[in-house]
Amino acid sequence: MAITANVDLGNGVTASSCYLIVPTAYVKKMRDDSFKLIYDVEIYQNESARNSDERFSKRITCNAVDHIKINYDPTTNDNPFKLAYTHLKSNSSLSSVADA
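We now turn to the structure provided with this report.

**Looking at the side chain of N91**
Secondary-structure assignment places N91 in the loop between helix 3 (80-89) and strand 6 (94-99). N91 has contacts with A64, V65 and I68, leaving out every residue within four places of it along the chain.

**Here we look at the pairing of strand 1 (residues 3-10)**
Across 6 bridges, strand 1 lies against strand 2 (residues 13-29) in antiparallel orientation. Bridge pairing in strand 2 places G10 opposite V13. By the bridge criterion, 4 bridges tie strand 1 to strand 6 in an arrangement that is antiparallel. Paired with T4 across the bridge in strand 6 is A98.

**Brief notes about helix 3**
Within helix 3, the full set of buried residues consists of A84, Y85 and L88. One side of helix 3 holds all its buried residues, which, seen down the axis, span an arc of 95°. Along its buried surface, helix 3 packs onto strand 1, strand 2, strand 3 (35-44), helix 2 (63-66) and strand 6. Of the residues flanking the start of helix 3, the one acting as N-cap is N79, its side-chain oxygen 2.7 Å from the backbone nitrogen of F81.

**Notes on the nonpolar core**
If you look at the biggest cluster of nonpolar residues, it comprises 26 residues, and the most contacted ones within it are L20, Y39 and L88. The dominant element in this core, judged by the number of residues it contributes, is strand 2, at 7 residues. When residues no more than four places from it in sequence are discounted, the contact partners of L20 are A2, I3, T4, A5, V7, V41, E42, I43, V65, Y85, L88 and L94.

**Description of the pattern of salt bridges**
Where charged atoms from two side chains of opposite charge approach closely, those side chains can pair. If you walk through the whole model with that rule in mind, you get 3 salt bridges. Across the salt bridge formed by D33 and K29, the nearest N and O atoms sit 3.6 Å from each other. Residue classification places D33 among the exposed residues on the basis of a relative accessible area of 54%. The closest approach of N and O atoms between R59 and E42, which form a salt bridge, is 3.6 Å.

Calculation notes
- Residues numbered from 1 in each chain as written.
- Predicted model: local features only at pLDDT ≥ 70, side-chain atom pairs only at ≥ 80, totals over all residues.
- Heavy atoms only, no water.
- Helix = DSSP H or I, 4+ residues; strand = E, 2+ residues; numbered from the N terminus.
- Contact = heavy atoms within 4.5 Å.
- Pairing = 2+ DSSP bridges.
- Buried < 20%, exposed > 50% of the residue type's maximum accessible area, 1.4 Å probe, protein only.
- Arc of directions from axis to C-beta.
- Polar contact = N/O pair within 3.5 Å; in protein donor to acceptor, adjacent residues only side chain to side chain.
- Core = buried A, V, L, I, M, F, W, Y, C linked by side-chain atoms within 4.5 Å.
- Salt bridge = Lys/Arg side-chain N within 4 Å of Asp/Glu carboxyl O.

Here it is as structure tokens:
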């Protein structure tokens, strides 16, 4: 699963038609007994950059998108990756979001 989107990198710079994937998504119980869904996002210029042998050097950094922590309801049966992608699509630093 992946999405494409324009990513606001800050300072008026936008990366267009980027390829975003969520390689890690997990639920963690916090000290206050609440639960958090924590996920990481990898941003690439396009799908071929993601599939390249040098993909790690082709990643784009955006602090508003790279690592996310949100509240999680443990009574839900939804897959953490599905919830992560749903939340990612609503990120204010992304525009023109579409499934890839």
